[in-house]
Amino acid sequence: MRIRTIALLLFLLVTGLATAQTKIPTPSEVLGFTPGEDRKLASWNQVVDYFQRLDGASDRVMFQTLGTTTMGKPFVMATISSPANLARLEEFKKIQDQLADPRKLGPLATRDRKAADLIRQGKTIVLITCGIHSTEVGSYLSSMLIAHRLASSTEPEIQKILDNTIILLVPSLNPDGVDIVKNWYDKTLGTPFEGTDPPELYHKYTGHDNNRDWYAFTQVETQITVDKIHNVWHPQIVHDIHQQGSFGSRLFLPPYMPPVEPNVPKAIVQGYTELGNYMAAEMRAKGFEGITTNSTYDAWSPSRAYSHYHGGVRVLSETASARIATPMTLKFEELRSREGYDPQKESPKFGPLWRGGEWHLSDITKDMTTAAFLLLDHAAENREQWLRRFYAIGKEAVRPRRPGEVFGFLIEPANDCEALLNILRRGGVEITTAGTNFKLGTSELPAGTKLVRMDQPYGAFAKALLEVQHYPNLRDSTGHPIAPYDVTAHTLSLLMNVPVHAVKAPFRYQRATGTTSEVAAAQNGCAPAPRKDLFAIYHSNVPSQDEGWTRWILDSKTISYGVLGDKELRAGITVFKPSPSVTGKYYVILIPDQPARSLLEGYRSGSMPPELSGGLGPQGVKTLRDFVETGGTLIFLNRASNFAIEQFKLPLRNVVGGLPRTDFYVPGSILRIELDTSHPLARGMPKETVAWAEDSPVFEVTNDPSASVPATNVHVVASYPADKDPLLSGWLLGGDLIKGKAALVEVTMGKGRVILFGFRPQYRAQSLATYPLFFNALTSK
Ligand SMILES: [Zn+2]
């Protein structure tokens, strides 16, 4: 009896000590609140602090800094698995590497057997990415809840997840934005503006477009994620956690609505369909309401789905938003339809009904954590199936191409060829140099022509970026065009003006012997030398992504520029530079793509603090007009051109303005334009080039007697061809309406001029083909 008592005491002492040693900190112990509490956001420092403590306390969590963000913050990742798995990470990476690229398994005859061995040993690799869109605050907060449960739980299902999967958890793909949003939220807390979006881009350059960079790889956050996570681990599952608007479904899960980009493997579509449907069914069984699948979000653009071309499924989740961290109350009648479902009606794509009521940040984190653990359950339970599918995708990718299939693409040397090749290389694509031996028909291609074969692991990624997109003409039951979720074209070879030729199998070529002449990488040869005080960019209080991209392009080329806001322009100051010695004044002002009304009026009245409201207003318009009339150059990009036509009463008409989508629609496509190369704006350009059109105006010169200048003041620099289909890649409805109409014009006004682009010449830092037009506008006088 006595011995048993001592033994019991000893047992209690030892287990007590063990518990003390491995006490896993809860998020609330570190943050001072539980993630999901109303009106509480964590700073990025607090998130990093929490994960560091978790790493210190748990043998299931390894935390590391992978790089530095645009604004100098640590970009971090936690690797979470069983301690035994964490001790063998290099082995699991090697397994992944071989299954991703079956050529590494040796002779064809024994590959399947070797792969079967590796599939038995391997783990499902799950990448969970949070917070790319920083106003969608639920996910970076949920990352701490997910990590805590994985680190601390003794539940058998968690043990199963830890044993069978390796979880790569990125608490935020945009750490800078965590603090941008928190600072604004805290500043406006308790004011009438609590819960509004910050009046600046939540990524310094790209804002919401940071999730449109997964093939151009322009931003450091994208580069870190691709180089140090995707390409190292080749995850089978990527769970990308987002939030959507407040008035639709409570939660979206895959499958995606059509169309699926044709280079996405069928096995990927099966994978996200099975997993998304499983998660939706389990959540419905647990009593969650308002869930939609197969709606709103498509799988068309590689700009959002790197993994779809790299052996992994992307499981996007989109939970309904509150007002940042402030709860809201919604009435059932307020819920609004989106593509594919009506939240007031049950259907195969939506249900069960959510009847409205309060919606808190905790509802969002509950959706997110529940969905994430269901995803992890599936990844663990079906480990071998996920690995088999992954191997099958790799095997299909590397098989020899059959006669008639695309064997590969020949890429001719060109000005921006190296920019294109670097993108392909970063995406894991192998490129062959073969000197002068490539022939197409009877003509020999130039020295330095490259070949990208399709029989390699990521050939489909290259194919998607080198071929033309034929976006399907999708209509709803009323005949109305169904809007794509994002844009419809991603042909980089067109956007970068690099000639490419698809060649069919069988294709025979010889590798050149000796040295091959490489084409010098003269990237964007038309970029001007930095000239201080030459030009300024207009910065609206209403954040414009196009403005951010413009700043990124200039900063990345170390071209200096000034910034002019509403306040300066409304103050009526003279901004024109009368002589080179005057500082703080400019020859050129650029107005990036933004709707005309938003430029003029800014935020809707009363929606933001008075000092941020008002837009350019009549006084700003007058300042800009004076600027032109005294000799300045004013450049308007895309939708901003409508502002110039209206406010300056130019003798121009937007021929597609106000047309319904059934008559004219161009939701992000590559069109063909013809240039007047004798004009200084088109200096260095070919006769024909591309134009990125997206909600773009199309100009016609008018003889309106009430216009401020005569029609003869308008010079058409670029126009859509009169006798050819303007569409090169993507989707265009009503193309006949724009044939022969103008796409780029210069209008002289007083001593200066106004330049109107009816397209986006520096679209998302991808349309290198039209950078010369953009830079010529900024620098030519
Ligand atoms: Zn989002």
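So, here's what we can say about the structure. What you see is a predicted model, and the numbers here were worked out from it, not measured in a lab.

Turning next to the pattern of salt bridges. According to the stated counting rule, one finds 42 salt bridges in the structure shown. Taking the shortest distance from any N to any O, the salt bridge between Glu194 and Arg39 comes out at 2.7 Å. One end of the pair, Glu194, is in the loop between α9 (175-188) and α10 (220-233); the other, Arg39, is in the loop between α2 (27-31) and α3 (44-57), and 155 residues separate them in sequence. Residue Glu194 is classed as buried on the basis of its relative accessible area, which comes to 11%. Across the pair Arg388 and Glu384 runs a salt bridge whose closest N-O atoms are separated by 3.7 Å. Pair noted here: Arg388 and Glu384 are both in helix α13 (residues 383-398), with a separation of four residues, about one helical turn. Using a relative accessible area of 46% as the deciding quantity, one classes Arg388 as partly exposed. For Glu384, a relative accessible area of 31% puts it in the partly exposed group. A single salt-bridge network, built from bridges that share partners, covers Asp209, Arg212, Asp486 and Arg764.

As a further point, take the side chain of Glu261. For Glu261, the position within the fold is in the loop between β7 (257-260) and α11 (266-285). There is no salt bridge for the buried Glu261, and the closest opposite charge comes from Lys463, which lies 7.2 Å off by N-O distance. Discounting chain neighbours no more than four positions away, the residues touching Glu261 are Ala299, Trp300, Tyr309, Ala464, Gln469 and His490.

For the rest of this paragraph, the subject is the coordination of the zinc ion. Every protein donor of the zinc ion is accounted for by His133 (ND1), Glu136 (OE), Glu136 (OE) and His242 (ND1), and the metal-donor separations fall at 2.1 to 2.4 Å. For the zinc ion, the four donor atoms in the first shell make angles of 56 to 150° at the metal, so the coordination geometry reads as irregular. In primary-sequence terms, the residues that donate to the zinc ion follow H-x2-E-x105-H. Taken together, the positions of Glu136 in the loop between β3 (124-130) and α7 (138-152) and His242 in strand β5 (residues 237-244) put the pair 106 residues apart, joining distant regions of the chain. Accessibility classification places Glu136 together with His242 in one group, the buried group.

Cut-offs applied
- Residues numbered from 1 in each chain as written.
- Predicted model: local features only at pLDDT ≥ 70, side-chain atom pairs only at ≥ 80, totals over all residues.
- Heavy atoms only, no water.
- Salt bridge = Lys/Arg side-chain N within 4 Å of Asp/Glu carboxyl O.
- Helix = DSSP H or I, 4+ residues; strand = E, 2+ residues; numbered from the N terminus.
- Buried < 20%, exposed > 50% of the residue type's maximum accessible area, 1.4 Å probe, protein only.
- Lys, Arg positive; Asp, Glu negative; His and termini not counted.
- Contact = heavy atoms within 4.5 Å.
- Donors = N, O, S within 2.8 Å, 3.2 Å for Na, K, Ca; no water.
- Tetrahedral: all angles 85-135°; square planar, octahedral: opposite > 155°, others 65-115°.

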